[in-house]
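In case you want the letters, here they are:
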Amino acid sequence: MAEYDYDLGVIGGGAAGLTVAAGASQLGVKTLLVEKESRLGGDCLHYGCVPSKTLIRTARVRHLMGRAQDFGLPAVDLLPVDYSQVGKRIAEVIDVIQVHDSVERFTSLGVDVQFGSASFKNNHIISLNGKAVSARTWVVATGSSPSVPSIKGLNDVPYLTNLDIFSLPELPSSLIVLGGGPIAVEMAQSFQRLGTKVTVVQRSNQILSKEDEDMARFVMEGMIADGVDFILGSKIEEVRQTEGGIEVVLNESGEQKIVRGSKLLVAMGRDSNTKGLNLEEIGVVLNQGAVEVDSRMRTAVSNIYAAGDVIGKYRFTHAAGYEGGIVVTNAVFRLPRKADYTWLPWCTYTDPELASVGINEKSAKASGIQYETVVEEFSTSDRALAEGEAKGRIKLLLNKKGKPLGCQIAAVHAGELLGEWVAAVNGKVALATLAGAIHPYPTLSEMNKKVAGKLLGEKIFSEKVRKILRLLFSYRG
Ligand SMILES: Cc1cc2nc3c(=O)[nH]c(=O)nc-3n(C[C@H](O)[C@H](O)[C@H](O)COP(=O)(O)OP(=O)(O)OC[C@H]3O[C@@H](n4cnc5c(N)ncnc54)[C@H](O)[C@@H]3O)c2cc1C
């Protein structure tokens, strides 16, 4: 039998790779973890979730200070933001979390951590820092990078991406954001709230284009109220550098329009990190640049798995972690566990947040699925009113039998509120159970109970029931 240096080799020390490495090594598997940067944690910790959510919080505090009078307080004079101080706070939060993703922690779990850029020589051997390293099984978890589309002039101008936006020396006076996805809108709102004049330029006619239009509108209206400008449905013709910054030339239904800003943020999607790995040369199949896997995370080469952003399915940290778990079950336990994304939730952390689990109206229509909706507005929530955050909606999609197909929430703390639906749909909890469960008053979570009980309530308080009660108990009505 062939001898390998390791039972399992993991390439990439982000959410997916760390999950696999921690799981395998704790099961006694001789594990190697290779990371090309000088620290573990990947995009989520250093250039993604953690810095963005920290920035969002800072921006929200400033925004609430600006709303002081809405809460009966004296107006606050908002001083200009020193972005280096914001960056300092971001770095501090990363430092605290880094301990959890440290080399010391993974070494103590039994993982051999090595730094360097890996490249396959064959399906068992990689080249790492000039040396050949072998493993019985490999896992590609190399993540993704900001996609930079071929737009005339774009490569000749300085632009920002998620890699540098969190560590700028100073706050830009104005910012053009190319893209209308989650990263684009989260950053756009945050910078606007910190004092930058932000313009979002988006090709399609809707921001957050995977979401239902009515739900995405809450986010857009919230951002417009903050002062963000939107240019939707326009084609970018050219990007140019000027003395004062950047010019983006747009084509709006045949008419040329120019948008100017001091800085440009490109947030137009992600590309899988596969360059230099030699994957296709050893037989791994790529599909539009992403590593193709089956539902057990196996690539076309039987001893090579892939997980996380690099497979291009759902680019979220929790999806990467879930897929990492699927790899461990298949590659270590040798059990045929398949990934099931039916109830994969996500959230965009704007104000209001937009969170979703299961299918929405857009995807139901696209798949020809019959559904009905139940909707509740947050303007009917006592707690939302008390908080001064009463804008939003919760929407439930039900099948013919009244079982939930999906739930979307556009509201303050929507991501937290969604947790109850995540548990309910995974646990197959009946709507009547959720509607009958006592929720603390006054909480936003009462909206979950309210929407779950809405159809039931309509049935109970129907004319038919009234008639029966009149008959039975001689009520006069
Ligand atoms: C601004 C922003 C905000 C985000 N916010 C959220 C959020 O709120 N919630 C959420 O769920 N997701 C969020 N995401 C997405 C999330 O960051 C990713 O889904 C997650 O990091 C994917 O994990 P991963 O392990 O697949 O990849 P990564 O975390 O990118 O890790 C891959 C690692 O592989 C390394 N690598 C690459 N090539 C090689 C090589 N050849 N050899 C060795 N190492 C290599 C990289 O250096 C990297 O450390 C956000 C992303 C961005 C950009």
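Residues numbered from 1 in each chain as written. Predicted model: local features only at pLDDT ≥ 70, side-chain atom pairs only at ≥ 80, totals over all residues. Heavy atoms only, no water.

S.K.: How do you make sense of the site of the ligand when you look at a structure like this?
M.R.: Not every one of the 36 residues close to the ligand is listed here, only the nearest: A16, E35, K53, D309 and T317. Backbone polar atom of C44 to an oxygen atom of the ligand: 3.3 Å apart, as the coordinates give it. In the complex, 94% of the free accessible area of the ligand, which totals 1,000 Å², lies under the protein chains. Among the elements of the structure, α1 (15-26), β2 (31-35), α2 (42-46), α3 (49-66) and α8 (317-332) are those that each provide at least two residues to the shell around the ligand. (Near = heavy atom within 4 Å. Polar contact = N/O pair within 3.5 Å; in protein donor to acceptor, adjacent residues only side chain to side chain. Areas by Shrake-Rupley, 256 points an atom, 1.4 Å probe, with all protein chains shown as cover. Helix = DSSP H or I, 4+ residues; strand = E, 2+ residues; numbered from the N terminus.)

S.K.: Help me understand the nonpolar core, please; the structure alone is not making it clear to me.
M.R.: What tends to happen in soluble globular proteins is that the nonpolar side chains get buried as a cluster. Ranked by size, the top nonpolar core spans 52 residues in total, and within it F120, I126 and M297 carry the most contacts. Put simply, the parts of the chain that give this core at least two residues each are β1 (6-11), α1, β2, β3 (111-115), β5 (125-128), β6 (131-140), β18 (304-306) and α8. For F120, the contacting residues outside a window of four places in its chain are I11, I125, I126, W138, V140, L277, N278, L279, I282 and I304. Ranked by size, the runner-up nonpolar core spans 37 residues in total, among them L55, M215, L265 and A410. (Core = buried A, V, L, I, M, F, W, Y, C linked by side-chain atoms within 4.5 Å. Buried < 20%, exposed > 50% of the residue type's maximum accessible area, 1.4 Å probe, protein only. Contact = heavy atoms within 4.5 Å.)

S.K.: Sorry, what's going on with the side chain of S174 here?
M.R.: Tracing the chain through its elements places S174 in strand β8 (residues 174-178). Given the relative accessible area of 17%, S174 is considered buried. Ignoring any residue separated from it by four or fewer positions in sequence, one finds S174 in contact with T196, K197, G261, S262 and K263.

S.K.: What exactly am I supposed to notice about the sheet that holds strand β21 (residues 372-377) here?
M.R.: One key point about sheets: their strands pair by backbone hydrogen bonds, in either a parallel or an antiparallel sense. The strand order β19-β20-β23-β22-β21 describes an open sheet built from five strands, whose pairing is antiparallel. Unpaired on one side and paired on the other, β19 (346-348) and β21 mark the two borders of the sheet. Sheet twist, expressed as the average angle between the axes of neighbouring strands with direction ignored, equals 10°. Where β19 and strand β20 (residues 353-358) come together, three bridges link them in antiparallel fashion. (Pairing = 2+ DSSP bridges. Axes fitted to C-alpha atoms, helices over the stretch in contact; angles between N-to-C directions.)

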